[in-house]
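Working through the structure, step by step
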Amino acid sequence: MRVQLFVTCLVNSLYPDVGKATVKLLEQAGCRVEFPLDQTCCGQPAYNGGFRKEARAQTRQTLDVLDATDGPIVVPSGSCAAMLIHHSPELVGDDADYGAKATRVAERTRELTSFLVEDLGFTPADVAGGHTATYHASCHGLRGLGIKQQPKRLLDDVGVTRVELTGEDECCGFGGLFSIKSPEVSVAMMETKIAQIEASGADTVVGVDVSCLMHIGGGLKRRGSPIRTRHIAEILAGDDQ
Amino acid sequence: MTTFRERIQDAFAEGVPIAIDRGARGHYEHRAEAAAVFPQMEPMRDRARQIRAEVLANLDVHLRQFADSVERNGGVVFFAADAAEACDYIVGLARREGITRAVKVKSMVTEEIHLNAALEDAGVETVETDLGEFIVQLAGETPSHIIAPVLHKNRQQIGELFAERLGVDYTDDPGELNEIARDYLRERFLTAGMGISGANFGVADDGSIALVTNEGNGRLCTTAPRIHVAVMGMERLVRDRRDLAVMLEVLARSATGQGLSSYTNIVSGPRRIGEPDGPDQFHVVIVDNGRSATLGSRVAEILYCIRCGACLNACPVYRHVGGHAYGSVYPGPIGKVLTPSLYGLEQWHELPATSSLCGACQEVCPVRIDIPKLLVELRNESTHELSAGLRRGLAIYAGVTTHPRVFRLLTRTAALVAGVWSRDGWMRRIPVLRNWTRDRELPAPAPETFHDWWRKRGA
């Protein structure tokens, strides 16, 4: 099956290894991965910030690039996938041409773990490793797309030792610009999350969004914690040894 | 007035009471349990949303019908354009009738219009009779939660407050504290000339109002005094008792996890001939106070709200900062939309901005208000200078990302620069990002972007 990878701007610059692991995983699942080179940012930061005009420009750019391709569009991020599925159609809905593009793109867009589980029914190869993982559910994937059981099922299927996280569905306090505009609350929320992670006994926090992992990981690092953050693609592709 | 951010900083400096997080989580869990054992919860929420949508779409018609019905039942209706008109009417009524003492049922709209202060200024002793509100009033504070006004206090603090203000021996036993309040309030119930309540719902077709409480104080306030004044936000209508039943199914479950509140009162007017009790006069004050403007705005959906408080309990921001930091009568997610909408976005622009848009509020809202979307709407409307700075930054990013070649060039350049500016994959401190880096490390751009890796791979 031919799939288009929408890698997201954060993965592109900060976490290219997550993109590489996603490619590897999709290829293991029998997909032929294509990567539209002119993709940039889906426009979510501007949309969430309330900057509709800027978000619309980015959405149009993204739709032009993605609508010119075929097959499922796979995104290693719940929040960027939710942007393409829910908010892009709403942002350009008043324009007949882009509205149609947005609808087509939204129908083709899948978050990585739901694509693997629901569309492909794919179980990756067993992953050896002595780590204990816990799963943090990122808000937009969880509440916008129903990403909850898929990642945990995949982790269990590949034999990762997994412990439950109390407050799994509580926001880590990232929220994009919120983390910079309201640092005190953002950090307080992060500290609650970190305390919950520490209480879980895990040495690795796994998620489907690098943005939340960047936030949690930045807090763990500052506190000198040995707990690591990993995107689920890295774990499932066996890149985390 | 201080900014929201300053109030949050102050709250953290003083230490936000642990009781807030614990109380909010408790309500949140009770709601989840109640929803889990009520198979009709989800369809009932859909139905409740439809009911609210229909009422607001035809609010003028329903308001006229409601007012006619109240008057047919022998009640008096007053439409108040704003808080001052509402207070003036009630104060005027108290003066005319020679009222010196009023007892109150807990009501958010009377908090909103600052009715207690207006009555006290006019020499009317005004006593809150909901236990939580009574405590808040004794302490000279404001409620910190829509349905649990005293969430910010623990029982030791309440014991100290009672000892100091009521001259009783110190106790922190909840049962004993409850008895002290009962004794104090009993005499007030029996001697007050006016009982003041809110209205959880007004029923348009028969002119009744529904009141839910857990303490029974609502029954005393609306029957013992000779005058009952019900103050109601103008959006709080349902068409008929059938629709009321649906709203009651979701209200208490969402608020406290109860199937139904302990007391549900339907007040259908003053005492009629032959009836043994009830007030001689029944007044309904319908308050606009910015609601008409909200109804015509892009955030009109906020008027679906039935004040259950579920969104506060679910909200991680509320749990961390508590209700008082919001600076408004309405805290939490609902307050972040309602406050700027009723009182002006320029003054309250920080409220909608201070959210991670996690969506926990929408998930529990009994009428499924899309609060994150409304917050984004308000952010879009805000023209505050803080927003203007961010807009410039995002406009530049939008410019870059709509030109893929420039995007690739700049991300490649960032990767190179980061090689110099970072250590072990993390950035050194960056002054413009100090709000991030004060408490968190920031990862550095990787030496090679995914784009470049992909292109090399293909080659």
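Keep in mind it's a predicted model, so treat the numbers as computed, not measured.

What counts, and where the lines are drawn
- Residues numbered from 1 in each chain as written.
- Chains lettered and ligands numbered in written order.
- Predicted model: local features only at pLDDT ≥ 70, side-chain atom pairs only at ≥ 80, totals over all residues.
- Helix = DSSP H or I, 4+ residues; strand = E, 2+ residues; numbered from the N terminus.
- Buried ≥ 20, exposed ≤ 12 C-beta atoms within 10 Å, placed from the backbone.
- Contact = placed C-beta atoms within 7 Å.
- Expected span 1.5 Å × (residues − 1).
- Domains from an automatic or database assignment.
- Nonpolar A, V, L, I, M, F, W, Y, C, P; charged D, E, K, R; others polar.
- Pairing = 2+ DSSP bridges.
- Core = buried A, V, L, I, M, F, W, Y, C linked by C-beta atoms within 7 Å.
- Axes fitted to C-alpha atoms, helices over the stretch in contact; angles between N-to-C directions.

**Thoughts on the overall build of chain A**
Counting secondary structure elements, chain A contains 13 helices and 8 strands. Principal axes of the C-alpha set define a box for chain A whose edges measure 50 × 45 × 25 Å. Looking at chain A as a whole, 62% of its 241 residues qualify as buried. Long-range contacts, defined as pairs at least 24 residues apart, comprise 76% of the intrachain contacts of chain A with a sequence gap of at least 6.

**Re helix α2 (residues 16-28) of chain A**
Residue and element names in this part refer to chain A. Under the 1.5 Å per step criterion, the end-to-end length of α2 is 18 Å for 13 residues, consistent within 8% with the ideal 18 Å. Three or more residues of α2 are buried, namely Pro-16, Val-18, Gly-19, Lys-20, Ala-21, Thr-22, Val-23, Leu-25 and Leu-26. Once α2 finishes, Gly-30 follows within two positions and takes phi at roughly 90°, a positive value.

**With respect to the interface of chain B and chain A**
Counting from both sides, the interface comprises 50 residues of chain B and, opposite them, 50 residues of chain A. Among the elements of the structure, α1 (4-14), α15 (316-321), α18 (360-364), α19 (371-381), α20 (385-401), α21 (404-421), α22 (434-437) and α23 (450-458) of chain B are those that each provide at least two residues to the side of chain B that touches chain A. Looking at the side of chain B that touches chain A, the element that brings in the most residues is α20(B), giving 6 residues.

**Description of the domain arrangement of chain A**
Residue and element names in this part refer to chain A. Domain assignment breaks chain A into domain 1 (2-118) and domain 2 (126-236). A straight line from the C-alpha centre of domain 1 to that of domain 2 covers 22 Å. In this complex, domain 1 contributes 26 residues to the contact, which on the side of domain 2 involves 22 residues. Of all the secondary structure elements, the ones that give two or more residues to the side of domain 1 that touches domain 2 are α1 (9-13), α2, α3 (44-49), α5 (78-92) and α7 (112-119). Split by residue class, the side of domain 1 that touches domain 2 holds 15 nonpolar, 9 polar and 2 charged.

**A short note on the environment of Glu29(B)**
Position of Glu29(B) relative to the elements: it lies in helix α2 (residues 18-36). Separated by 346 residues in sequence, Glu29(B) and Leu375(B) place their C-alpha atoms 25 Å apart.

**Side note on the sheet that holds strand β8 (residues 237-238) of chain B**
Residue and element names in this part refer to chain B. The mixed open sheet is built from 4 strands, whose spatial order is β8-β5-β6-β9. Unpaired on one side and paired on the other, β8 and β9 (263-267) mark the two borders of the sheet. By the bridge criterion, 2 bridges tie strand β5 (residues 201-203) to β8 in an arrangement that is parallel. Following the sheet pairing, Gly-202 is matched in β8 by Leu-237.

**Things to note about the pairing of strand β2 (residues 101-104) of chain B**
Residue and element names in this part refer to chain B. Sheet topology note: the β2/strand β3 (residues 125-128) ladder contains 4 bridges and is parallel. Bridge assignment links Arg-101 to a residue of β3, and that residue is Glu-125. Pairing of β2 with strand β4 (residues 194-197) involves 3 bridges; the strand directions are parallel. Paired with Val-103 across the two strands is Gly-195, which belongs to β4.

**Some points on the nonpolar core**
By size, the foremost hydrophobic cluster in this structure holds 200 residues, and its most contacted members are Met247(B), Val287(B) and Cys311(B). Counting residues per element, this core draws most heavily on α5(A), which supplies 8 residues. Dropping the residues within four chain positions of it, Cys311(B) is found in contact with Gly332(B), Pro333(B), Ile334(B), Cys361(B), Val364(B), Cys365(B) and Ile371(B).

**Brief notes about the pairing of strand β5 (residues 132-135) of chain A**
As a general feature of sheets, a regular strand has side chains that alternate between the two faces. Residue and element names in this part refer to chain A. Pairing between β5 and strand β6 (residues 161-163): 3 bridges, direction parallel. When the bridges of β6 are listed, Thr-132 appears paired with Thr-161. As paired strands, β5 and strand β7 (residues 204-207) are joined by 3 bridges and run parallel to one another. When the sheet's bridge partners are listed, Tyr-135 is paired in β7 with Val-206.

**Remarks on the sheet that holds strand β4 (residues 109-111) of chain A**
Strand pairing in a sheet relies on backbone hydrogen bonds. The paired strands run either parallel or antiparallel. All names here are of chain A. Pairing within the open sheet is parallel, and its 4 strands lie in the order β2-β1-β3-β4. Each edge of the sheet is formed by a strand with only one pairing partner; in this case those strands are β2 (32-34) and β4. Strand-to-strand, the axes of this sheet are offset by a mean angle of 35°, without reference to chain direction. The sheet contact formed by strand β1 (residues 2-5) and strand β3 (residues 73-75) spans 2 bridges and is parallel. Bridging from a neighbouring strand, Gln-4 pairs with Ile-73 of β3. Contacting β3 and β4, α5 runs over the sheet at an angle of about 160° to β4.

**Side note on the environment of Ala29(A)**
Residues and elements named next belong to chain A. Here Ala-29 is to be found in the loop between α2 and β2. Residue Ala-29 is classed as buried on the basis of its C-beta count, with 20 C-beta atoms lying within 10 Å. Sequence separation of Ala-29 and Ile-235 is 206 residues, and the distance between their C-alpha atoms is 15 Å. Setting aside residues up to four positions removed in sequence, Ala-29 forms contacts with Leu-116, Leu-120 and Phe-122.

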